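# Summary of the model geometry
Spelled out, the chains give:
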Amino acid sequence: QVQLVESGGGLVQAGGSLRLSCTVSGRTFSAYGMGWFRQAPGKEREFVSRISWSGGTTDYGDSVKGRFTISRDNAKNAVYLQMNSLKPEDTAVYYCAAGRVAGTRARLVTEYDYWGQGTQVTVSS
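The notes below deal with the structure included here. Keep in mind the model is a prediction, meaning the values are calculated, not measured.

## Section: the sheet that holds strand E8 (residues 78-83)
- With antiparallel pairing, the four strands of this open sheet are ordered in space as E1-E3-E8-E7. Both edges of this open sheet fall to strand E1 (3-7) and strand E7 (68-73), since each of them pairs with a single strand only. Put simply, the sheet's adjacent strands are angled 15° from each other on average, direction ignored.
- As judged from the six bridges shared by strand E3 (residues 18-25) and E8, these two strands associate in the antiparallel manner. If you follow arginine 19 over to E8, its bridge partner there is glutamine 82.

This is the structure we're talking about:
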């Protein structure tokens with residue numbers, strides 16, 4: 001079993017930055033691709049970003065491209081999401097996920113096997 005725990009969410013003003021962290025335990029972290037998703041009230045869960053098991057491949061949703069950066073540290077069993085130039089529309093619960101994912105299918109919620117409990121990000125205008 002794989003356990004994921006997110007941290008780093010909070011309240012920030014528009015234009016500000018936050019860094020989300022996700023620590024993983026239970027199995028070989030480096031075997032999994034990792035993704036970040038978000039879900040705003042009344043909306044479906046949305047792809048934000050993902051990173052391959054090696055860290056060599058990254059992908060971003062159009063709404064965050066150029067503002068967010070995903071990274072991972074396999075030695076620490078952790079994945080990070082640096083969020084800059086935050087906007088009110090970035091307000092959501094952010095979830096990290098682990099799965100044996102690749103290619104464009106890595107944008108799909110259904111491709112991930114394990115999920116964290118989520119961390120709230122609120123951006124005020």
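## With respect to the state of the cysteines
- Scanning the entire structure with this criterion turns up one disulfide.
- Residue pairing for cysteine 22: its cysteine sulfur links by disulfide to cysteine 96, the two sulfurs lying 2.0 Å apart. What sets the handedness of the cysteine 22 and cysteine 96 disulfide is the S-S torsion sign, and at about 50° it is right-handed. Within this pair, whereas cysteine 22 is found in strand E3, its partner cysteine 96 is found in strand E9 (residues 92-99), the two being separated by 74 residues in sequence.

## Some remarks on the packing of aromatic side chains
- Applying the stated criterion across every chain yields a total of five aromatic pairs.
- Ring geometry for tyrosine 32 and tyrosine 114: centres 6.0 Å apart, planes at 85°, overall edge-to-face. Separated by 82 residues along the polypeptide, tyrosine 32 in the loop between E3 and strand E4 (33-39) and tyrosine 114 in strand E10 (residues 114-115) bring together distant segments of the chain.
- Classification of tyrosine 32 as buried rests on a relative accessible area of 4%.
- Relative accessible area serves as the criterion here: at 16%, tyrosine 114 is assigned to the buried category.
- A centroid spacing of 5.1 Å and a plane angle of 55° characterise the contact between phenylalanine 37 and tryptophan 115, whose relative ring orientation is tilted. With phenylalanine 37 in strand E4 and tryptophan 115 in strand E10, this residue pair connects regions lying 78 residues apart in the sequence.
- Residue classification places phenylalanine 37 among the buried positions, given a relative accessible area of 0%.
- Classification of tryptophan 115 by relative accessible area gives partly exposed; the value is 25%.

Criteria and cut-off values
- Residues numbered from 1 in each chain as written.
- Predicted model: local features only at pLDDT ≥ 70, side-chain atom pairs only at ≥ 80, totals over all residues.
- Heavy atoms only, no water.
- Pairing = 2+ DSSP bridges.
- Helix = DSSP H or I, 4+ residues; strand = E, 2+ residues; numbered from the N terminus.
- Axes fitted to C-alpha atoms, helices over the stretch in contact; angles between N-to-C directions.
- Disulfide = S-S within 2.5 Å.
- Phe/Tyr/Trp six-rings, centres within 6.5 Å; stacked < 30°, edge-to-face > 60°.
- Buried < 20%, exposed > 50% of the residue type's maximum accessible area, 1.4 Å probe, protein only.

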